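Close look at the chain arrangement
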Amino acid sequence: MNTQALSELAAHIESRMPDAVRSWQIRVGELTLLAERDHIVPLLRFLRDDQQCNFETLIDVCGVDYPERSERFEVVYHLLSMRMNHRIRVRIRTDEETAVPSVVSLWPVANWFEREAFDMYGIQFADHPDLRRILTDYGFEGWPLRKDFPLTGHYEVRYDDLEKRVIYEPVKLAQEYRNFDFLSPWEGMTSVIPGDEKAKEG
């Protein structure tokens, strides 16, 4: 869709759901809505059922962590309309204690997506039929995709081929791997390579 068509779609959604839409923007040819957390279920139902929208497919639900904000988490819904051949992104904000209404009643596939956001970030979902961890091990403590999650002090589980059993061991991730200098291999290379002396002679 071109920018004009996306703007018209956004205006239509905003006019029909004024209490749910806080703001909208078009960037890189995609429409993004910032929505009210408590109105997310009626908004997504409207986006699915309205004949001008027809966003019948929920592609993904994911979390984003902004620890400097009072509402540190964003829950992001990506929807697709195959009939209309367009996509939309819907974002809502929440904090560590306030639960987000579950959308499993609209799209059953949201069950696993919301469990993943809970498992990785600790985002709570109200009225979820089975909100428990899905990716981490039983008894795992903490929320591994939060930006303040410590890199050491936790345990990981893995199968040891030598001992032929599952073992628990402390997680050890080198801190230097979290920092990137964004240099190309050529810019970052400081050691002398055989043949460099020939370049200096010329």
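The preceding data block contains the structure.
Given the structure is predicted, the values throughout are model-derived calculations rather than measurements.

Helix and strand counts for the chain come out as five helices and nine strands. A burial count over the chain gives 36% of its 202 residues as buried. Put simply, 46% of the contacts in the chain that link residues at least 6 apart link residues at least 24 apart. As displayed, the chain offers around 12,900 Å² of accessible surface, 52% of which is attributable to carbon and sulfur atoms.

Grouped together as the largest cluster of nonpolar side chains are 39 residues, with contacts concentrated most on Ile 13, Leu 43, Leu 44, Leu 47, Tyr 77 and Val 90. The set of elements that each furnish at least two residues to this core consists of α1 (3-16), β2 (30-35), α2 (40-49), β3 (57-65), β4 (73-81), β5 (86-94) and α3 (110-121). Of the residues forming this core, the biggest block, six residues, is contributed by α2. When residues no more than four places from it in sequence are discounted, the contact partners of Leu 43 are Ile 13, Met 17, Ala 20, Val 21, Ala 35 and Val 90.

A few words on α1. Counted at 1.5 Å a residue, the expected span for α1 with its 14 residues is 20 Å, and the 20 Å between its end C-alpha atoms agrees. Regarding α1, the residues found buried are Leu 6, Leu 9, Ala 10, His 12 and Ile 13. For α1, the angular spread of buried residues about the axis comes to 160°, placing them on one side. The outward face of α1, more than 90 degrees from its buried face, is lined by the exposed residues Thr 3, Gln 4 and Ser 15. Of the residues that open α1, the one with a side-chain oxygen 3.2 Å from the backbone nitrogen of Gln 4 is Asn 2.

The element β4 is extensively covered by neighbouring structure, given that eight of its nine residues are classed as buried. Pairing geometry for β3 and β4, over eight bridges, is antiparallel. Across the sheet, the residue bridging to Val 61 is Tyr 77, located in β4. In the sheet, β4 pairs with β5 via nine bridges, with the strands oriented antiparallel. Across the sheet, residue Leu 79 finds its bridge partner in β5, namely Ile 88.

Right, let's get into the sheet that holds β3. Reading across from one edge, β1-β2-β5-β4-β3 is the order of the five strands in this open sheet, with mixed pairing throughout. In the strand order of this sheet, the two ends are held by β1 (21-27) and β3, each with one partner. With direction set aside, neighbouring strand axes in the sheet form an average angle of 20°. With respect to the sheet, α1 is in contact with β1, β2 and β5, its orientation differing from that of β1 by roughly 175°. Along the sheet, α3 contacts β3 and β4; its crossing angle with β3, the most-contacted strand, is approximately 10°.

Turning our attention to the side chain of Asn 111. Assignment of secondary structure puts Asn 111 in helix α3. Looking at Asn 111, the relative accessible area reads 17%, which means it is buried.

For the rest of this paragraph, the subject is the pattern of salt bridges. If you walk through the whole model with that rule in mind, you get 21 salt bridges. For Glu 96, the salt bridge goes to Arg 72, with nearest N and O atoms at 3.4 Å. On the criterion of sequence distance, the pair formed by Glu 96 in the loop between β5 and β6 (100-101) and Arg 72 in the loop between β3 and β4 is long-range, its members being 24 residues apart. Two residues, Asp 160 and Arg 158, come together in a salt bridge whose shortest N-O distance is 3.6 Å. Look at Arg 158 and you get partly exposed, because its relative accessible area is 34%.

Cut-offs and rules
- Residues numbered from 1 in each chain as written.
- Predicted model: local features only at pLDDT ≥ 70, side-chain atom pairs only at ≥ 80, totals over all residues.
- Heavy atoms only, no water.
- Helix = DSSP H or I, 4+ residues; strand = E, 2+ residues; numbered from the N terminus.
- Buried < 20%, exposed > 50% of the residue type's maximum accessible area, 1.4 Å probe, protein only.
- Contact = heavy atoms within 4.5 Å.
- Areas by Shrake-Rupley, 256 points an atom, 1.4 Å probe, with all protein chains shown as cover.
- Core = buried A, V, L, I, M, F, W, Y, C linked by side-chain atoms within 4.5 Å.
- Expected span 1.5 Å × (residues − 1).
- Arc of directions from axis to C-beta.
- Polar contact = N/O pair within 3.5 Å; in protein donor to acceptor, adjacent residues only side chain to side chain.
- Pairing = 2+ DSSP bridges.
- Axes fitted to C-alpha atoms, helices over the stretch in contact; angles between N-to-C directions.
- Salt bridge = Lys/Arg side-chain N within 4 Å of Asp/Glu carboxyl O.

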